[in-house]
Amino acid sequence: MAGLLALPTAGPARAAEPDRLVIDLGTDTGAFHGGASGTLYGIYGDGVPSRNLVEGMHVRTVSTKAQDGPQHPGADALEILPSFVDSGGQDVYIYMTDIYRGFPYEWPGADGPARMADFKEKLKKQVQQVLTMGDYKDHVVYVPFNEPEGNMFGTGNWSYNKVSWLNDPRYYFAAWKEAYHLIKGLDPDARIAGPNTSVLYDQVRGFLEYAKANDVVPDVMTWHELSSPAAVRTNVAKYRQMEKDVGVGPLPINVNEYGHNYHLSVPGQVVQWVSAIEESKIDADLAYWNIDGNLNDSAVEANKGNGQWWLFNAYGQMSGHTVEVTAPHPNQQYTLQGVATLDESKKQSRALFGGQSGDADIVFENVDPAVFGTTLHATVQEIPWTGQVGDSAQPIRLADQEIAVGADGSVKLPMTGMNAMSAYQVILSPGGNGGESATPSVSWRASYEAENAVYTGGGYSRNGPEGTPSDVGKFATSGNYNVGGLRTGSDGVLAFDVDVPTTGTYDLSVFANSYNLYGLVKEQGPTNVFLRVDGTDPQELRLPLGYKWVVWGHTDTTVQLTAGRHTLTLAAKDADLGVTKGDAIIDKIDLSLRDAQVTRPAIYEAEYATLAGARTDYTRPGASGPGTVRLPKRASATFWVYSPTDGESTVSVDHLGGGRASLSLNGEELDIPAIGGGRKGTDTVKVFLSGGINKLTVTGTSGRTVLDRLRVAPSKGTLIPTVYQAENGTLSGAATTTDAYTFAANGKSVTGIGDGTANALTLDVVAARAGRHAVTIRYSNAEQAPATHYNPDPIARHADLSVNGGPARRVLFPTTFHFNDFRELTVPVTLKKGRNRLTFTAAELPDFDGDTYNAYDQRSAYAPVIDQLTVTPLTQR
């Protein structure tokens, strides 16, 4: 089984046991900071990614381009600023140099002074624009120069005078001083960050000396760590010594680019960076190697998260203060590392760790009986890797049980069969109060590598090794290798021998990739292959697309297996179903038993939720898990709830009485009766959940509601959806029906919406009752702008949606990588009883000034291709 169970025991670890990660709950290392969850170019605009993803990832800082800069589509600083702040974000760092095209920056001018004059005019305009943003401007940090040693003050043709400031700093220092005074002159309260070098050069000390002497010390110190977690700790210490030597600071630090392709999306890799960043108490932003608007390979589509997203969701829910963590190989990348917190007021300790395969002991020392008592309740979860573009469900519950604390105040949790690509979370709370423990959420699972499968037929390739510690520019791949050969014209068959423990239904995930712009893939989009079990039960699977090769997602299905050995085949042709079109690579397959442990409702314990004004209570008999939460009036508990699809779910709110509460979904209070009452019970609500991440908040309205947990499961039959085909709507202007996209429902969809409001799609929909409804739009979008360097530049198209002639709401639609690859995006709307008219239009959006337009085809004039609409009541009344 390629999963694992934690089997906790009490008492000290013995010297002969395997590697130990020791968490000393008695050593306070400072207030929890949460700074590792920053992003560079990770937000495209309001909705890409969704506010749920931004808030649920607890994104603290965003570094992004100057408003209307031509570097990349989207990510304009002042367009993302309001929604980011409203989603709990702290600061937007504006890369002011990204007002220019290219990298190195192509700034115009006959010589250095002329180029600097042009730049100063652009700096002035940027600051003036920020000053129109009201209170939001307080969340802006200006970054005047980016990697100046390789750009404006380096040795290249686009530099100031081809003199590197690392050798002769006079010109850069003078430019820094000019820019600093210009910004502060326009906005005396402005915060300025720099020098934003690609590494922490020794010359930064000279920069600090100059800045101090000329009263132009930055408000935030920034540099990039495209290195290793070990370098983070080393360089932060090195910089702090520079400050002491020069006599400035201590300044806030933002390492506003960190990590490599090999690390990003992989929880077991990223947790090593997180531990170093949190230990250093700094902010840091994930590096931007690929597409913008996906939180640096954390977000999938608009509202789904992969394993990396769930890692940051867990990290952001830490609270209290950090405690000392001693790794078996301290500060050494690609080994077991971790971060842990203790919140005495919440009576909870959380630990995140990973980076090592095999077995290890997680040892908690100095467990304070005044906080926890003599028995602990331990919940152990795995956060697996699901690929860059692979959706992930909530973390897998490996164990949930009570443990006696040893006489020496320690507890040991042996972890067996860990996967180096996964991260793990342990949550400790007081036990011994009769709380009901939950069973593991998956009883059996296994992984099978494609490179170990048997391939027959032509065209085979074994590709790799892919990303490795010595080649971090490449993407991570399970087992380091993958297999190609399933493509147009192939007769290839890839056969996996599997052995399962019992007869039943199994979930099957095929980890695969096709490069969306590759020749054979362009024709159809998703590459189709054919699955059989022991030569029978054929299924056609459409494999995921990516923005480059080796960008992994997964296609999911179920198979019926009897206990014992079977052969699962993926083939490029099938006698009953047809032939493959496209070209795909396969990384692995995952199998897991779909039994009662998987299909029962997902459990979200209240004491593990994000609390505001609420208190945990571990003394209530009859609770599930370790305890409950008391919700007085206006206090709340927020849960990040996963749904595999857009549609109805049953949300069961378990409580122990004490008062009443309201339930809100994604920030919107639901029109349902109050939850709770005077005695223990369960309130069951049918509610529409969007595919991916949903924010459910329980808020006290009277008394003191004692909230136990939420249980959530997909359901159907109450919130009845109605489907409307786009081609049956009213088309105006250039909007037209097309049969070019074969994977549209009924083979037809509507294109040409936009390039002016005259080109529109109008659909009349019927609501059985007035109120809030979910409009789920099945769409495709593959528009892409010409790029200047290694980042692919897909464009998020938009549609202006008007309901019954009312003001239009602008909706952003992220890329689907091909116009024949359809995805769903849900928009909540208010409908009247009976017939309602929905109108979709679009027009190219102007720049911030409202008069000029982007000159590089980076703002689309069109809505996406629309296939169909599904209208569903948001909840039962």
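From a predicted model like this one, the values you see are computed outputs, not experimental measurements.

K.L.:
Describe the sheet that holds strand E8 (residues 220–225), naming the residues involved and giving the relevant values.
P.N.:
Taken in spatial order, the 8 strands line up as E3-E4-E5-E6-E7-E8-E9-E10 and close into a barrel, and their pairing is parallel. Within the sheet, the average angular offset between the axes of one strand and its neighbour, ignoring direction, is 25°. In terms of strand pairing, E8 meets strand E9 (residues 253–258) through 4 bridges, oriented parallel. Bridged to Trp223 within E9 is Val255. Lying over the sheet, helix H4 (residues 170–186) contacts strand E6 (140–143) and strand E7 (191–197), oriented at roughly 160° with respect to E7.

K.L.:
How would you summarise the pattern of salt bridges if you had to cite specific residues and measurements?
P.N.:
This structure, assessed with the given rule, holds 39 salt bridges. Residue Asp583 is joined to Arg487 by a salt bridge in which the shortest nitrogen-to-oxygen separation is 3.1 Å. One end of the pair, Asp583, is in strand E34 (residues 583–593); the other, Arg487, is in strand E24 (residues 482–487), and 96 residues separate them in sequence. Taking the relative accessible area as the measure of exposure, Arg487 reaches 23% and is therefore partly exposed.

K.L.:
Could you give an account of the confidence of the model for the protein, naming the residues involved and the relevant values?
P.N.:
On average, residues of the protein score 96 in pLDDT, and 98% of them reach the 70 mark or higher. Counting contacts from residues 1–15, a segment whose pLDDT is below 50, to residues more than four positions away or on other chains yields 52 contacts.

K.L.:
Could you give me a rundown of unusual backbone geometry, with the residues and numbers involved?
P.N.:
With an omega of 10°, the peptide bond running from Phe103 to Pro104 counts as cis. By secondary structure assignment, the location of Pro104 is in the loop between strand E5 (91–95) and helix H3 (112–130). In this structure, Pro250 follows Gly249 across a cis peptide bond, with omega equal to 5°. With phi around 55°, Asn804 is a residue other than glycine that occupies positive phi space. Following the sequence through the fold, Asn804 ends up in the loop between strand E53 (797–803) and strand E54 (809–813).

How each quantity is defined
Note that residues are indexed from 1 along each chain, following the sequence as it is written. Only residues with pLDDT of at least 70 are given local features in this predicted model, and only at 80 or more are side-chain atom pairs given and counted; all residues enter the totals for whole chains, interfaces and linings. Values shown for side chains rest on all heavy atoms present in the structure; no hydrogens or waters enter the calculation. In this scheme, strands are said to pair when DSSP sees at least two bridges between them. Think of it this way: any DSSP run of H or I at least four residues long counts as a helix, any run of E at least two long counts as a strand, and we number them from the N terminus. In this analysis, axes come from line fits to C-alpha atoms, helices being fitted only over the stretch in contact, and the angle between any two N-to-C directions falls in the range 0 to 180 degrees. What makes two residues a contact is simply this: any of their non-hydrogen atoms within 4.5 Å. A side-chain nitrogen of Lys or Arg and a carboxyl oxygen of Asp or Glu constitute a salt bridge if their distance falls within 4 Å. Type-normalised accessible area, obtained with a 1.4 Å probe on protein chains alone, sets the label of each residue: buried when under 20%, exposed when over 50%, and partly exposed for intermediate values. One number per residue, pLDDT, summarises how confident the predictor is, and it ranges from 0 to 100.

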